[in-house]
Amino acid sequence: MNSLKQLLRQPTQSMICIIMLVLSGTVLCMSIGLYYSANVTIKEAGSVYTTIALPTNRTVKTQEMVGDRVFESEQSVITSEIREWMNSLTDTNPEVKGAYQQQFISAYSEGLHTLVSAMEESNYSHSKDEPYRDAAFVVTIESLDHDKTSQTVDVAAKIKESLLLHEGYMPPEGSLHFTYRYFSENEWNDASLEIDGTYLVFGQNYVDSDLALRQDIAERFKISMNEVDWNNINYDIEDFVTDLKEHDFDIGNVAALYEYNEKSSTLSITDLESIRSARMSVQNPASFLMGGHTVIHSDGTVETVAATDGEINAVTLPTIARLMTDVDTFLSSEEGKLWRDAFKQYEITNQSVPVLGTDLLESMFEFHQNRAIITSGRSFTKDEYKSGNRVCLISESLALANDLKVGDVIPLAFYQGYDSYLEKNYNPPADQYSSVVGFSTESESFEIIGIYRQSNLWADTSYTFTPNTIFVPNKSITCEAYTDNTGIFYTIILKNGSIDKMKTYQETLGYQDIFYFYDQGYSQIEDTLTDYLSTTRVMLIIGITTWIAVLVLFHALYVTKLKQTAGMMLSLGSGRKNTLIHILTSTLSLVIFASAISGILGYSMLGSIIDYVYSNASTHESINTTFSAAITSDTNLVRDLTVQKLPQIAVFVAVVQILVFTFVIWIYGHSIMKKRPLKLMRNKEN
Amino acid sequence: MFIVEYAINRMKRGRKGCIALMMLTFSFVLYLCILNNTLEKKEHQLDDIYQNLDVECVVSNLRGTQTDNLYIKDYIVSLFLSDESTFLGKKDVIPFSSYVKNLKFKLNLKYQYLVEGQEVFISNLRDADDLIGLTHLSTDSLIAQESNAITYFENYSESLFLSDESVCIVSADIFQTLSKDKEGNCYVRLAVGDSAYSEDIFAEQRFKVVGTYEGDNRNIYCPWEIIKALSIKITGMIHTDSLSFSIKNNRQIDIFKELLARYFTNVDITGTLTDYEASNVLTYYEYAITVYDGTLNKTVSSIKDNIKVLEILQPVIIMMSFFIGFLSSFLFVRNRKPEFAVMRSLGTKKGMVFGEAFFEQFFLGIIGTALGLIVYYMSYHFEIRPPWDNIVAFLLCYLLGSGVVIFWIVNVKVMAILKEKE
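Cut-offs and rules
Throughout this description, residue numbers start from 1 for each chain and increase along the sequence as written. By the order in which they are written, chains take letters starting at A while ligands take numbers starting at 1. Given that this is a predicted model, residues contribute local features only at a pLDDT of at least 70 and side-chain atom pairs are listed and counted only at 80 or more, while totals for whole chains, interfaces and linings are drawn from all residues. Only hydrogens and water are set aside; all other atoms, that is, all heavy atoms of the structure, feed into the side-chain values. Note that patches include only residues with greater than 30% relative accessible area and no salt bridge, and the join distances are 9 Å for like charges and 5 Å for nonpolar side chains (Val, Leu, Ile, Met, Phe, Trp, Tyr). Under the convention used here, a 1.4 Å probe and the Shrake-Rupley method define accessible areas, while residue burial counts only the protein chains that appear. By convention in these notes, a salt bridge is any Lys or Arg side-chain nitrogen within 4 Å of a carboxyl oxygen on Asp or Glu. In this tally, Asp and Glu contribute negative charge and Lys and Arg positive charge; neither His nor the terminal groups of the chain are included. The location of each charge is read from NZ of Lys, CZ of Arg, CG of Asp or CD of Glu. Going along the chain from the N terminus, every DSSP run of H or I of four or more residues is numbered as a helix, and every run of E of two or more is numbered as a strand. Relative accessibility thresholds used throughout: buried, under 20% of the residue-type maximum; exposed, over 50%; partly exposed, between the two (1.4 Å probe, protein chains only). Fitted lines through C-alpha atoms give the axes, limited to the stretch in contact for helices. The angle between two N-to-C directions lies from 0 to 180 degrees. Orientation is classified from the angle alone, with under 35 degrees giving roughly parallel, over 145 giving roughly antiparallel, 65 to 115 giving roughly perpendicular, and any other angle giving oblique. With the far helix as reference, a near helix turned anticlockwise by less than a right angle produces a left-handed crossing, and one turned clockwise produces a right-handed crossing. The contact criterion used throughout is that any non-hydrogen atoms of two residues lie within 4.5 Å. Note on definitions: buried area is the accessible-area loss of two parts on being combined, 1.4 Å probe, summed for both. When residue character is reported, Ala, Val, Leu, Ile, Met, Phe, Trp, Tyr, Cys and Pro are called nonpolar, Asp, Glu, Lys and Arg charged, and the others, Gly included, polar. Throughout this description, a polar contact denotes any pair of N or O atoms lying within 3.5 Å of each other; where both atoms belong to protein, one of them has to be capable of donating a hydrogen while the other can accept it, and for residues adjacent in sequence the pair is counted only when both atoms sit in side chains. These domain limits were set by an automatic method or by a database of domain assignments. Any two rings among Phe, Tyr and Trp, with Trp reduced to its six-membered ring, count as a pair given centres within 6.5 Å; such a pair is stacked if its planes are under 30 degrees apart, edge-to-face if over 60, and tilted if neither. DSSP calls a pair of strands paired once it identifies at least 2 bridges connecting them.

Novice: Explain a negative patch on the surface residue by residue, including any values.
Specialist: Side chains of Asp236, Glu238, Asp239, Asp243 and Glu259 of chain A together with Glu119 and Asp200 of chain B sit close together on the surface and give a patch of like negative charge. If you tally residues by element for the negative patch, the top one is helix 6 (residues 238-246) of chain A, at three residues. You can call Asp200 of chain B exposed: its relative accessible area is 60%.

Structure representation (structure tokens):
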């Protein structure tokens, strides 16, 4: 108590010391707070970027000797050894943050209108429309061209009724050209194809020839497909042919001219046949198995193994049937059972989509490079990936076709097709549904949380996916799914700024050009971000220096004055312990009081300024989003301000201040206790 | 002289205190310099980010689903290539093209090989192969995939596409079929046409083959400048099938977006046509554009806010520094009260006492300040000039502190000071 009373007897000095300590402690608190805030800011800025490495899709032609046979094939440059190395990278290379594998599964969604490239102006390509290219029509045959050698028949037929055709195609107004391939005489006889006969035809590889030609002509003249008019065909090509002959060019297959705005372009006989028509192929896939499987043994010998009934039934499809009654009667008869089953399968297929499961959507090339962007809603959260929540992202085109929006729910029942096989590691189409295999899961509801747009719809490049693709968290796929180590199925995430290290690393192992690297422009600002932090670090160091300077001054001006008091106390018989306690009490009481105030002041000032700045940031300042790519909830950073403010800093500063002062004063106190009282009382300065 | 001599002797006797005070002024002057330096550097670093980060803009169809094969017309292309631009009859003070950089173009024309003496003619323009002129490989989806599999000859690299040299790359399989001259160089002579424009007008072009890409595709790739010249020869106009670019000065994104709104519309998945009111020729906008500024906005927003925190805190910290300067000198001088009393009781005049004490404080302050500035110069060479106003203000506060207390002490009765029980 006496020590405290002593303080009150020197109110001005005590007050000045407290104020100085408070101010210096506050400055220190704010300096540390600013440094920490800058650290968080830089981490935040850096987290905007993701650096990825994608395995190459390059292939090399290889030849393999099996016995005395030579088999040529195209193999990926990624050998099994390289694959093993890739799989070990997460554990062996500190620059690798993780490897992400996407899974592929097909999903049936009842009532979903799927997309075909025919629905997109100037993008039609029949090969992109799998598995929706099966079709069934009632037709009347107009002509037959039978080639017994190849066991094929080219048929031109008039369509009477369209029974099974993806809704994205317009039924042709003219003819259906199909090539019927049969595998046995019985099959040919059963078909009993005749001109003017009415048939039910089920085929694959449907091509809208009219649409393809329109697209071709639109492309030639750089006009809209809607402007292509078949009335602009000129069949009088005499002048054109004469002109060609004058230039010694072969007239080739020119049959007519399409004319537009004083320009013309040639049309062949095949082109003319394509007008208002479609084509497809008709054959029973099971026929390939009738002769059995061909097995090549390691010694090069070839063996034919008979296919089982199950295998044959699983892939059997109807082809062509003569209709003696109306089609409904036929389909409901015993004879029509195979047809009914096939129709049901393909109705399911036409409402099925490819589903890609992912653990980090932004690691996929198209999203990473902004070729696919989320235009509505948001991406998956970490929790959703972790828990496998039933949420999904769909394309803008799919949303438009189905009148879906963020927040809607769609049912998905996962399945795999019979003996399904992906030809490419990009643009995976949904499998054709097989009733033999059935569904892998029950139908489950998935909430749409985001809608994405692709800048090149129906692109066919190494990392693309079709607009039918639905994205889900990997863990929400609760059945076996397909995956791979290339293409869209595999991405490695690297630490930002580590591309050069990674390139050097793979070169030292002899694995050059195995990976393509992309960092979203991080390397352009990496140095700047590093400098930003180092600038703040210097300020922190100088801030600590100023605090130390105040501490030293306080010690010199206040603490050392207690030397005389200590001398007096010791000479009056106070005892060293009591004297030391007095010194400590009278100084530390100031320090503790000042430290507490400086901590509170520092935190509240920094905290209220951060609150003010960031609350204005989130409500504000027109980020001008005109023409901007992503204008979704993801755009506005939701910041955790407690991380920025970090109240622990104030406590830390107060505690450090108390501890440092305690230590210094303790040491000083002990040093003066060793001296004689008279020496202590001598004041050299006065 | 007495003042100076006394002050020096005084400082020698009270070394610890003087060093502590000098250290305080030194550290606070340095802190003020670093604080100012930090703020200015952060602004520069933000400028660096604005400068270095590319914001890409991509022209697309109205639905935003196609960025290639757009056949973008001359009136759009010329915006980016011309040194002047006008809008609604008025010439822009700053032309449109000055806002953009890293232009990426691509144009497809048709070609047919010509042999010596053959007339420049393409018999079947429709089925002819593609001559693709581009500025960057990334503009063509086929060749972009093969970018690692391109072999450039001699001293050529991807930068050839930015030149105006008449060179090209062909597929490896096609290259095998071409003949070479005595020096081992391979040339192709082509008739070039544009099926969209006319089936009768052709131009001739000779290319030196300077690279190959894997595969058997019949596309030939050449620099954009060459195909641009060919397009002008054939059609009189310049078109492009795809167009993307970066914004030159990201600080002017908002201004540039206003300019873009003159010629492009927003992407609309429904493909709804937007009235083009500013045009006398076109009824609707023909093209949409997307600006990929999300990354820039996310990067700079957090940094901007962090800088703002420092900007607001800076005057607070400066004020605190002034107070500390004031109080430290106040406290330092106040401790010498008995000494001043003795001086005055021995006959020293008030003015002399004030002068000596003030000179001592001034001296310590100046030395500390000078040391702070020297260290700052050694570290940063005054790249960012010190905040002289703040330093002077700090020094003044420091001197004010000591001035006030000295003035007060010299005006208090000597006996009262000597009688104090402190």
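Novice: Help me get a handle on the packing of helix 16 (residues 522-559) of chain A against helix 8 (residues 294-334) of chain B, residues and values and all.
Specialist: Contact pair helix 16 of chain A / helix 8 of chain B: the axes reach a minimum separation of 13 Å and the direction vectors enclose 15 degrees. Viewed along their axes, helix 16 of chain A and helix 8 of chain B adopt a mutual orientation that is roughly parallel. Note on packing geometry: the crossing formed by helix 16 of chain A with helix 8 of chain B is left-handed. Here Ile525, Leu529, Tyr532, Met539, Val550, Leu553 and Leu557 of chain A of helix 16 of chain A come into contact with helix 8 of chain B, specifically with Thr299, Ile303, Asn306, Ile307, Leu310, Ile324, Ser328, Leu331 and Phe332 of chain B.

Novice: Describe the interface of chain B and chain A, and please don't skip the residues or the numbers.
Specialist: You'll often see interface size given as the accessible area lost when the parts meet. The interface of chain B with chain A comprises 96 residues on the first partner and 104 residues on the second. When chain B packs against chain A, the two sides together hide about 8,800 Å² of surface, and 63% of this comes from carbon and sulfur. Summed over the three residues of chain B that lose the most area to chain A, namely Tyr31, Arg126 and Leu331 of chain B, the buried surface amounts to 8% of that side. Summed over the shared surface of chain B and chain A, the result is one salt bridge. We note a salt bridge from Arg63 of chain B to Glu120 of chain A, for which the minimum N-O separation is 2.4 Å. Secondary structure elements with two or more residues in the side of chain B that touches chain A: helix 1 (2-13), helix 2 (15-52), helix 4 (141-145), helix 7 (253-263), strand 12 (288-292) and helix 8 of chain B. For the side of chain B that touches chain A, a count of residues per class yields 40 nonpolar, 33 polar and 23 charged.

Novice: Hey, could you go over the side chain of His239 of chain B for me, with residue numbers and the actual values?
Specialist: Residue and element names in this part refer to chain B. Summarising the element assignment, His239 is placed in the loop between helix 6 (224-235) and strand 11 (242-247). Under the relative-accessibility criterion, His239 is labelled buried at 5%. Here Tyr71 takes part through its side chain, which lies 3.3 Å from a polar atom of the side chain of His239. For His239, the residues in contact, after removing those within four places along its chain, are Tyr71, Ile72, Lys73, Asp74, Val77, Leu107, Trp224 and Ser231.

Novice: Now, about a positive patch on the surface: what can you tell me, with residues and values included?
Specialist: A cluster of basic residues, Lys675, Arg676, Lys679 and Arg682 of chain A together with Lys16 of chain B, forms a positive patch on the protein surface. With respect to the helices, strands and loops of the structure, Lys675 of chain A is situated in the loop between helix 20 (648-673) and helix 21 (677-681). Since its relative accessible area comes to 38%, Lys675 of chain A is described here as partly exposed.

Novice: Which residues make up the packing of helix 1 of chain B against helix 10 (residues 350-380) of chain B, and what are the values?
Specialist: Residue and element names in this part refer to chain B. In contact at an axis separation of 9 Å, helix 1 and helix 10 are set at 60 degrees when each is read in the N-to-C sense. Judged by the inter-axis angle, helix 1 sits oblique to helix 10. Where helix 1 crosses over helix 10, the two elements pack in a sense that is right-handed. Between helix 1, through Phe2, Ile3, Val4, Tyr6, Ala7, Arg10 and Met11, and helix 10, the contact on the second element is made entirely by Met352, Gly355, Glu356, Phe359, Glu360, Phe363 and Leu364. Residue composition of the contact of helix 1 with helix 10, by class: 10 nonpolar, one polar and three charged.

Novice: An account of the side chain of Asp484 of chain A is requested, with residue identities and associated values reported.
Specialist: Residue and element names in this part refer to chain A. Note on placement: Asp484 falls in the loop between strand 22 (470-473) and strand 23 (490-494). When its relative accessible area of 19% is taken as the criterion, Asp484 is described as buried. A polar contact is formed between the side chain of Asp484 and the side chain of Thr486, at a distance of 3.3 Å. Ignoring any residue separated from it by four or fewer positions in sequence, one finds Asp484 in contact with Arg83, Gln101, Asn425, Phe489 and Tyr490.

Novice: With reference to specific residues and values, describe the domain arrangement of chain B.
Specialist: We note that the domain assignment places domain 1 (2-47 + 302-421) and domain 2 (56-292) within chain B. The straight-line distance from the C-alpha centre of domain 1 of chain B to that of domain 2 of chain B is 68 Å.

Novice: I'd like a rundown of a nonpolar patch on the surface, residues and numbers included.
Specialist: Residue and element names in this part refer to chain B. A grouping of Leu371, Ile374, Tyr377, Met378, Phe382 and Trp388 is seen on the molecular surface, where their side chains present a nonpolar patch of about 600 Å² in accessible area. Among the elements that line the nonpolar patch, the one with the most residues is helix 10, at four residues. Along the chain, the position of Tyr377 falls in helix 10. Assessed through its relative accessible area of 42%, Tyr377 is described here as partly exposed.

Novice: Residue-level account of the packing of aromatic side chains, with values.
Specialist: Residue and element names in this part refer to chain B. Under the criterion given, the structure shown has 51 aromatic pairs over all chains. Taking the centre distance of 5.3 Å and the plane angle of 50 degrees together, the rings of Phe96 and Phe256 count as tilted. Here Phe256 lies in helix 7 and Phe96 lies in the loop between strand 3 (90-91) and strand 4 (100-113), a separation of 160 residues in the sequence. Owing to a relative accessible area of 1%, Phe96 belongs among the buried residues under this scheme. A centroid spacing of 4.5 Å and a plane angle of 15 degrees characterise the contact between Phe105 and Trp224, whose relative ring orientation is stacked. In this pair, Phe105 is assigned in strand 4 and Trp224 in helix 6, connecting sequence segments 119 residues apart. Trp224 matches Phe105 in its accessibility class, with the two residues each being buried. One aromatic cluster in this structure is built from Phe80, Phe87, Phe96, Tyr99, Phe245, Phe256 and Tyr263.

Novice: Run through the sheet that holds strand 11 (residues 254-260) of chain A, naming residues and quoting values.
Specialist: Residues and elements named next belong to chain A. The strand order across the open sheet formed by three strands is 10-11-12, and the pairing between neighbours is antiparallel. Here the strands that pair on one side only, and so sit at the sheet edges, are strand 10 (233-234) and strand 12 (263-268). In this sheet, strand 11 lies alongside strand 10 in antiparallel orientation, the contact comprising two bridges. Among the inter-strand pairings, Asn234 is bridged to a residue of strand 11, identified as Leu257.

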